[in-house]
Structure formats: C-alpha cells, structure tokens
Amino acid sequence: MGLVFGLLWLLNVCAEGVHAQGVYAPPTVRIVHCGRACDVEEERSTERVYTIREGETLELQCLVTGHPRPQVRWTKAGSVLDRVGDHALLNDTLRVHSIQRHQGGRYYCKADNNLGSPAIKSIRVEVYFLDEPVITVHQSLGEAKEQFYFERTVFLRCVAQSNPPVRYTWRRGRDLLSQGSDSGVEIYEPFFTQGDTKILKLKNLRPQDFANYSCVASVRNICSIRDKAASFHLSNLTASPSIRLLVEEVLVVNPGEEVRLVCVASGGDPPPWLEWVRSGERPLPPGSVLEGGALTIPSVAGDDGGLYSCLATNNVGNPAKKSTTLLVRGLRKGRFWITPDPYHNDDHIQIGREVKISCQVEATPPEELQFSWMKNGRALRSSERMVITHGDTEVAMGTTNLDIIDLKFTDFGTYTCVASLRNGGIPEISTDVNISSTTVPPELSVPRGRSHIITQEGDTVELQCLVSGKPKPIILWSRLEQDGSAAAAMTVGGAAQMESYDGILRIHNVTRDLTGTFCCQTSQYNGFNVKPRQALIQLLVQFPPVVEPARVEVRQGLGRAFSLRCVLQRADPARLLRYEWKLGARLLTVGVLGERVHDTDYNVRALNREGYGEYTCDISNEAGAGRCSFLVTGKAYAPEFYYDTYSALWQNRPRVYGFRLQWTQMEPNAVDRVLAYRLGIRQVGQHRWWEQEIPIEGTIQKGELLTHNLTELVKPESYLVRLTPISRYGEGDATERIITYSAPVNPHLREFQCGFEDEALCLFSQEKSDQFDWTRHSAATRDTKYTPNTGPSTDRRGSKQGFYMYIETSRPRQEGDAARILTPPFNAGSKSPSGSATSDPTYCFSFYYHMYGKHIGALNVFLRQKGPTVTDTSVWSLTGNQGNSWRQAKVNIHPTTTFQMVMEGVRGSGIEGDIAIDDVTIEEGECKDPPPISLRSLAPPSSPHIWQLSITLPLALIGHWR
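Residues numbered from 1 in each chain as written. Predicted model: local features only at pLDDT ≥ 70, side-chain atom pairs only at ≥ 80, totals over all residues. Heavy atoms only, no water.

So, the overall build of the protein
Now for step 1: In terms of regular secondary structure, the protein is built from one helix and 71 strands.
Now for step 2: Of all 962 residues assigned to the protein, the portion counted as buried reaches 47%.
Now for step 3: For the protein, the share of sequence-separated contacts (at least 6 apart) that also reach a separation of at least 24 residues comes to 70%.
Now for step 4: Per element, the accessible surface of the protein, about 47800 Å² overall, is 48% carbon and sulfur. (Helix = DSSP H or I, 4+ residues; strand = E, 2+ residues; numbered from the N terminus. Buried < 20%, exposed > 50% of the residue type's maximum accessible area, 1.4 Å probe, protein only. Contact = heavy atoms within 4.5 Å. Areas by Shrake-Rupley, 256 points an atom, 1.4 Å probe, with all protein chains shown as cover.)

Written as structure tokens, this is what we have:
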C-alpha cells in the first residue's frame, strides 16, 4: 500500500488554496503531425518536411507551453490562410481537408502570450501527386538519300505532372525499351524540360517500329501513389489532324437568328476530337450547344460577334485550327456635330459662309453602312452648294458630312441624317439637326452662388452647370487633381468622366474624399465642333470630428484616482470645437477646445461606487460629433488557467477520477482584492451546473498559482469548468476550460496499466535527449506498403483499430539511433499505514513487444531512480528478429525511491526494423506466471533481476521532478 499512501500525501500537499510563484513563462512551440507521413526513401535535409498525398487531410498540431496560455495562429508563406479550405487558424490544430498541390509549402505556427517574443516554428508540407501521362507524337522527314527513299523519324513524347519527380519507362508491346537495347531507338530527356518529359526517338522508321507503345509514369509507390500509363498505336497511317469548315470564313447574321458553326475532321489517325473556342479567352455565348464539331447559338445577340475557332487534336503533331468570323449586324451610337466655316475665326454660323453637318454611326458590318440626307422631310441629293460626302469605313467609324456652301436664308431648316444597312433587316437610325438663326454655339456658366458648395458627409449634393445655345451639347463632368490634371477616376461610379444631358451631376451619400475641384465642359457631340467651354466648381465636404479612443474599458478599484483623455484626430471645420463630458445621462463638464489644443481630460480624484459606469466625451462641430467612450468598472480580470500542471489527473475509484485545477489571476492589483472564486462545473453535453465558492485569504500576487482539487468526476466523461472572481464590486470576468479524462492511472487497484488507447499516452513522455521519438499508431492508420516486412499488423489484442507505440526506422533514421519513452514517475518510498517505513518493495513490470524484421535492432528497459543524481539501471534487453507475433515480457524491479521505467528502441542496420510495445503494466508484488524461457530477456546475467520475468504494483503518481 506504500504507493497508495504516497498518492494521498501528494493530494494533501496539493490541497485547495496552495500558492506558488513564478509560473508566468514566455511561449514555446513545437509542431507535430497528427496524420501519417508518407514513407520517402530519399534523404531529407535537417529541415522538417511532412509529406502527404493529394486529396488526403492535412492535420498539423501546434504543441505550446507558456503561461498565460499562448494564443496560436497558423500562417502559410506567400499566402493568407483566412477561411481557405477548412483551416482552424486560431486553434492548436490546422486541418486542411482534401489538400491540393498548390496548398503545399511552408506553414508557420505562432504562439504569443505577450511575454517576451512570440514563439514561431515552421514545417514544410510536400503534397505528392501523379497525373495521368500524355503521349504526343511528332514526325520529321529528312533529305532524299540517293533518290531512293526519304528518312522519316518519329518522336514519342511522354509528359506527366508529378511531385516527387516522375520516372518514365517505355515498352513496345510487352518488351521493355532502354537506351542501347535497339540501334534504331533513342530514349532521352530534352534539356529544356529536364525531368518533366521522356522522349522515345525512332530513327529511320522501320516496319517493326509500327507497334503498340506504352509509357509508364512512376513515383516509385511513394505515398502509395500507383504507377500510371498511357498507350499509343503507331502505324503507317498515323498522321496529324486536318479539318475543314462547313461555314464561310465570315458569317453575317441578324440578331435573334440561330447560328450553327460546323467543322469536320478531314484527316488524322487516330481520329481527332473537335472543340470550338472563342478569341480573347472569352466564354462561348450563353445557351450555346456543343455537339462534336457543331456549335449552335440558338439566338445570337450583338455581343456574340467575334472570331470563333475549331480545334482538332489527336496528340500527333500540332493541333489543327480553322477560324470563322461571326458578324452580328447592327447600328449603334448615332451622333452629330456642327462645324462653322473653318476659314473664318468665328464659332457662329452666318449667312454667306460655309457650315458643315457631320453624322457618325457604328455599324456591323461596316461595308453595309449607307447614309442618306433629308431636309424638312424630303430627300436631299448632293449638289454644288449641298455637298454630301462619306468617310472611309475601313479607316474609321462610318461618318457622313453635309457641306452647305454659301449659306442662305432659304437653307434654314431641319436636316436629317439617316443610317441603314444595305441588306435591310435592321431598323435604321436617324438624327435631326436644326439650322436656323437661333442655332448658336454653346456658352457654359455656373449658377450664382453655386461655384463653391459646402455640404456634409452623407448628404446628397447636386453640382450644376448652365449651358445655353442651340443645340445643347452633352456635358462632361470630371474631377481635377490639385495640380489641375484630370483625376484617374471620379470616385463617383469609378469612371474618369461622366456624361450629363441636363448639366447636373448628382452625388448620393457624399464622402469626405470627394472634397476638391470638379470640372464641367461641353462635348463636341450633339453640338458645335468648337473649342470646349468649361467651368469649375469647388466642393467642400464637412465631416464630424474623428476622435480616439472610440471605446475602451478602464478597470479601477474604489478610492483610486484616474484620468480619462479624449484625443481629436481630425475634423472639418476644425475650429470652435465644443466638448461635453457625461457619466451616463449626467452632465459632468463642457468647454471649447483652443485652436492648438487637440485633446480634453476628465480627472477623478477618488472613485466611489456611483463613479462606476460609462463616461462619454462628445467633441462636435457643425457636421456632427465624434464620441470617446470609457467604461469604468471594478470587475476583476479573468483567471488564467494553468495548462502545464504535472500529473493533474488521478483516479479515486474504478469509475471516478479527480483533477487538480490550477490558475493565476490576471492583473490582480488593477482592481479591489479578489475575495473568492465561484466555481461552476457541468458535464459536457448536459445542462445542469454545480456551483460552489472558493474563499481566498489575503491578497493574490501577480503570477501566484492557485489550486483547487476537483473530485468525484465520472470516468471517462469530460467536464466544462467555469471560474469567476468575486470582489467588493461583484462578479468579474469568467474563464472556461474543458477537463478531459485521459489518464488510466489506478492506484487504489494497486496497479498501473496503459494500452496507449488515449492520446495522452497515460502520461508517458518522450526523452528529450534521444535521437528520435516513439510514435503512437494503429494498424488501421499505419502505411506498411513501403516496408511490408516489419512491424505489427494489429495491436496486442488483435485489433486493427487498437493503438500501440512503435519506432519508425525508415530514413532519416540511422543505425544506432535510439528513441526513449518514459512512464510517469512513481513514489516507492512512502510510509506504511502504521507509519513505519516499508522495506524495499518489489514490483512486477510487464509489457508486450513485437520485434519483426530482418533489420531489428534492440529493445532495452531501464529502471530510473531519483537520488542525489538520476541513475538508469538496465533490467531487460532483447535484440534481433523475434518473429511476426506479440510476445510478453515480465521483470521484477526493486526501486528504493521515486522511479520511472525507461523503454529504449534502437534502430538496426536497415529500414525493416520497426519495434512495437503495448499493454504496459506495473503491479505491486513479484511477477506471477513468467513467460517460457524462450521468451525471456537475453540481457547479460550481470543484471541481478534480469532473469525474473514478471511484476505488479499499487502506484501513485508523484509531482514533477527533474
């Protein structure tokens, strides 16, 4: 019973209310992968590399230490991980489901708790994949030799995208082809695509070269990626594709018509496949139907015009391509302008002088465009005084001009420009231009009092320019930079210019960044072709003061003095700013900021209970007010749970366990003293809370560790724990954490058992000074395809889902590398129930081992005891291949003080040397029913207990010792 009373002594030491100092610590971090890494044969550099197959789930865990508990954030080099895939970015675990090749790279885990510098670790993730290979064939003809034949050479090129680099093999039928195996064959990788392509060259094509060829792409089964193959049949008919279009090179259609573009293969072996594409990487029109070489557009629209190409591909030579241009007939953008006599420096039209009327239209197809002119509704023909000319549609958009020579009074009237397409089917466009004594060039002005406009942010503002003259042209609005140049965009709709037909620019919900100069000017379109008239309008957008802080929480204890400050950042107008301090609805003070003063303070000499609440400071101008808000509270800060408690779990009875809850108090001196904590606990998945108060005597110091034991927790349920500090003010901020059962330690049954079924590993720990670590695995998740002749196929009990610990001996492990795993520490030197010290107790240490493979190294067991120095004593050892089965070992140990058992796996001469252990037990008393002599340890007889193969004990976990 010695270990049982040792445990009871430990629990008394850890009674509630015990304090400790110095637990605040900066963060440390380590990255482990929770899935399985691929077995990769190539040597790796010292950097950490995790390989995974494309489509599998990447799961990386960031193991952190430090107090307060560090916040963890995952990032990836060269990209942002915000909600891409299924990333748990602010959690210890990063999980990416169905990882893709572009998601490989270096991942960083950053842990920060505001103590010292953040801890950062990284791991490089390699995503392995192999695409289906593609064989392409190219032929060349050489010069004639002696007029008898042409030399023909054929190149078969095999390409497959992969990671790691792909390896290619070629076969002709069933025969493997290699360099030098056939004088008529060369196999090589082109220099410019080293490693990505493998070329099979058939020189001076021979009859036997007409055969079936296959290219096998392989990554050597890395990540269990199987080889992939492509095949091609080479014959004397093999030829690159050719096609012909069953449609004209230029197809002109009316809107709404059905269009059918057809191309057919006219040659090529193997038969090519056909597809249609549109120039400019534009998608095919909506509703398009593709059927082999036929593309059908049910109802063509004006925007569907363009170049369409039919592509034929059969992987022989280059793809065949033929194109047709689709023109959708239409007329758009009818505009006009009036040009006064260019020989006189006058913008007006006058009797006796020349005047030109121009008309412009966009037409498809341009060669079908035709114009006609009318005067007052009657057709007008070209004459000596009425000269009609048409511009060249091949040079610019369709334009027609009417020159009126020696303008007379009888020439006044309405002239109409009519545009149509020669073959009809499209409505014509007509534009009316009135020439009379009232036809005058435009004048532009700004209404009185509207050249300088002041408005407030969020309002709707109208900028107006008045235009006179006949006809009235379109008004163009733009925004100018400070140097007078046009702004790249107006920020009103995003365009550099905006058109207005009524001379008004309306801006809704105006913002402060629109403050500046706006320019309105006349356009030549629908008006006179003269120098543009323009006017400027200054716009000033006022906005409320911008202040800091917008909202902040201030924690203070009763009777203390403090000061609140509201700082002005910017405002327009920035003069005569008024401030007003309030506590809730109660006015405290008012005033005006001086011209060079940018902040205001409110001071509290001694805080009383009525002084708690929300303080506000409003700084206002004509446009509104900006508010600083301060919530003054006496709430205590939240507790900080201590996650690094050693041996936090213990077992009271077979179905009951306890947990040692430890925490520190965040900023305990910021507010009134914490008098007690309210502890709430409920079982996860349930709704009922159990609560109690934990009284606190004295003042809590910063960094002081507080402890409370949770008992009567039902195994194996998890519990949500909530801890709330209470002071004179009342309840403070609460903190929650989940307590999870994970330690199968059972001292009251006088034994320790561990089958490694729980991720906590029964509080086993890895030795930090060894070369590598033991790994927890189950047969259902371990990939043994790379090294199939080693390691167990089930756990000790025959279950593929059960877990065990094993050493992975694949590279980069080297011969002689050792991995050590340690049991929790146990107290063997306690007193008996009568109070007297017990004699050296005997315990039975037993375990199951699996040592199968031709390269098995050694499995060693040591008894580690704590004294003036830590000593390791060898108690069991076994080397070499023991067959493909689980075997049990038992050995008696006689510890005299606090002890641990150390299990060491040593790597043998090769990769087929995996060693596994399972079902480790320590029991009080000597071992019973030891294994047969053939299963006993092969350690040298110098170890006094080495041939006694059995053990048992009533263990009590003790506190952390170094």
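Now that the structure is up, let's keep going.
Examining the nonpolar core
Now for step 1: Of all hydrophobic cores here, the largest spans 35 residues; its most connected members are Phe764, Trp774, Phe845, Phe847, Leu859, Trp876 and Met901.
Now for step 2: No other element matches the five residues that strand 65 (residues 843-851) contributes to this core.
Now for step 3: Excluding residues within four positions of it along the chain, Phe847 makes contact with Leu859, Val861, Trp876, Arg887, Gln888, Ala889, Met903, Asp918, Asp919 and Val920.
Now for step 4: Listed in part, the 30 residues of the second largest apolar core include Tyr128, Cys158, Ala230 and Val316. (Core = buried A, V, L, I, M, F, W, Y, C linked by side-chain atoms within 4.5 Å.)

Overview of the packing of aromatic side chains
Now for step 1: Here the structure, examined in full by the defined rule, presents 17 aromatic pairs.
Now for step 2: Centre to centre, the rings of Phe847 and Tyr849 are 6.2 Å apart; their planes meet at 55°, and the pair counts as tilted. Tyr849 matches Phe847 in its accessibility class, with the two residues each being buried.
Now for step 3: Put simply, the rings of Phe562, Trp581, Tyr602, Tyr615 and Phe630 pair up and form one aromatic cluster.
Now for step 4: The aromatic ring of Trp689 is capped on one face by Arg722, whose charged end is 4.1 Å from the ring centroid.
Now for step 5: A cation over an aromatic ring shows up here: Arg737 above the ring of Tyr643, its NZ or CZ 4.2 Å from the ring centre. (Phe/Tyr/Trp six-rings, centres within 6.5 Å; stacked < 30°, edge-to-face > 60°. Lys NZ or Arg CZ within 6 Å of the ring centre and 35° of its normal.)

Examining the sheet that holds strand 1 (residues 25-33)
Now for step 1: Overall, antiparallel pairing links the three strands, which are arranged 1-3-5 in an open sheet. Edge positions in the open sheet fall to strand 1 and strand 5 (93-96), since each of these has one partner strand only. Neighbour to neighbour, the strand axes of the sheet diverge by 15° on average, direction disregarded.
Now for step 2: Where strand 3 (residues 58-67) and strand 5 come together, four bridges link them in antiparallel fashion. (Pairing = 2+ DSSP bridges. Axes fitted to C-alpha atoms, helices over the stretch in contact; angles between N-to-C directions.)

Details of the pairing of strand 34 (residues 452-456)
Now for step 1: The two faces of strand 34 differ: Ile453 and Thr455 on one face are buried, but His452, Ile454 and Gln456 on the other face are not.
Now for step 2: For strand 34 and strand 42 (residues 534-548), the ladder comprises five bridges, and the chain directions are parallel. Looking across to strand 42, one finds that Ile453 is bridged to Leu539.

What to know about the sheet that holds strand 66 (residues 858-866)
Now for step 1: Strand order in the open sheet formed by five strands is 61-64-69-66-67, and the pairing between neighbours is antiparallel. Edge positions in the sheet fall to strand 61 (765-766) and strand 67 (870-879), since each of these pairs with one other strand and no more.
Now for step 2: As paired strands, strand 64 (residues 818-822) and strand 69 (residues 899-906) are joined by five bridges and run antiparallel to one another. If you follow Ala818 over to strand 69, its bridge partner there is Val906.

A short note on the confidence of the model for the protein
Now for step 1: Of all residues in the protein, 85% have pLDDT values of 70 or greater, and the mean over the chain is 85.
Now for step 2: Counting contacts from residues 143-150, a segment whose pLDDT is below 50, to residues more than four positions away or on other chains yields seven contacts.
Now for step 3: A low-confidence stretch, residues 743-749 stays under pLDDT 50, and its non-local contacts, those more than four residues away or across chains, total 21 contacts. (pLDDT = per-residue confidence, 0-100.)

Quick notes on the state of the cysteines
Now for step 1: Scanning all chains against the criterion turns up seven disulfides.
Now for step 2: Here Cys62 engages in a disulfide with Cys109; their sulfurs sit 1.7 Å apart. With the S-S bond torsion at -100°, the cross-link from Cys62 to Cys109 turns out left-handed. Separated by 47 residues along the polypeptide, Cys62 in strand 3 and Cys109 in strand 6 (residues 105-112) bring together distant segments of the chain.
Now for step 3: Paired by a disulfide, Cys263 and Cys310 hold their sulfur atoms 1.9 Å apart. Taken together, the residues span a long stretch of sequence, with Cys263 in strand 19 (residues 259-269) and Cys310 in strand 23 (residues 306-313) at a distance of 47 residues. A single burial state applies to Cys263 and to Cys310, both of which are buried. (Disulfide = S-S within 2.5 Å.)

Thoughts on unusual backbone geometry
Now for step 1: The linkage connecting Thr364 with the following residue, Pro365, adopts the cis geometry, with an omega of -5°.
Now for step 2: Topologically, Pro365 is positioned in the loop between strand 26 (355-364) and strand 27 (369-375).
Now for step 3: Of the consecutive residues Asp572 and Pro573, the connecting peptide bond is found in the cis state with omega at 5°.
Now for step 4: In this fold, Pro573 is placed in the loop between strand 44 (562-572) and strand 45 (578-583).
Now for step 5: Phi at Ser224 takes a positive value of approximately 60°, unusual for a residue other than glycine.
Now for step 6: In this structure, Asp919 is a non-glycine residue whose phi angle is positive, near 45°.

Some remarks on a positive patch on the surface
Now for step 1: There is a patch of like positive charges on the surface, built from Arg30, Arg48, Lys121 and Lys768.
Now for step 2: Within the secondary structure, Lys121 is located in strand 7 (residues 119-130). (Patch = residues over 30% accessible without salt bridge, like charges linked within 9 Å, V, L, I, M, F, W, Y side chains within 5 Å. Salt bridge = Lys/Arg side-chain N within 4 Å of Asp/Glu carboxyl O. Lys, Arg positive; Asp, Glu negative; His and termini not counted. Charge placed at Lys NZ, Arg CZ, Asp CG, Glu CD.)

Considerations on the pattern of salt bridges
Now for step 1: One pass over the structure, following the stated rule, counts 43 salt bridges.
Now for step 2: Across the salt bridge formed by Asp209 and Arg172, the nearest N and O atoms sit 3.0 Å from each other. Taken together, the positions of Asp209 in the loop between strand 14 (197-202) and strand 15 (212-218) and Arg172 in strand 11 (residues 167-172) put the pair 37 residues apart, joining distant regions of the chain. Residue Asp209 shares its accessibility class with Arg172, and that shared class is buried.
Now for step 3: Among the ionic pairs, Asp209 bridges to Arg206, the shortest N-O distance being 3.0 Å. Both residues of the pair, Asp209 and Arg206, belong to the buried class.

Details of the side chain of Glu904
Now for step 1: Residue placement: Glu904 occurs in strand 69.
Now for step 2: Among the polar contacts made by the side chain of Glu904, one reaches the side chain of Arg820 at a distance of 3.0 Å.
Now for step 3: If near-sequence neighbours (up to four positions away) are discounted, Glu904 is found in contact with Trp774, Ala818, Ala819, Arg820, Ala858, Leu859, Asn860 and Phe862. (Polar contact = N/O pair within 3.5 Å; in protein donor to acceptor, adjacent residues only side chain to side chain.)

Notes on the side chain of Gln556
Now for step 1: Mapped onto the elements, Gln556 comes out in the loop between strand 43 (551-555) and strand 44.
Now for step 2: For Gln556, the residues in contact, after removing those within four places along its chain, are Ala561, Phe562, Leu607, Tyr612, Thr633, Gly634, Ala670 and Val671.

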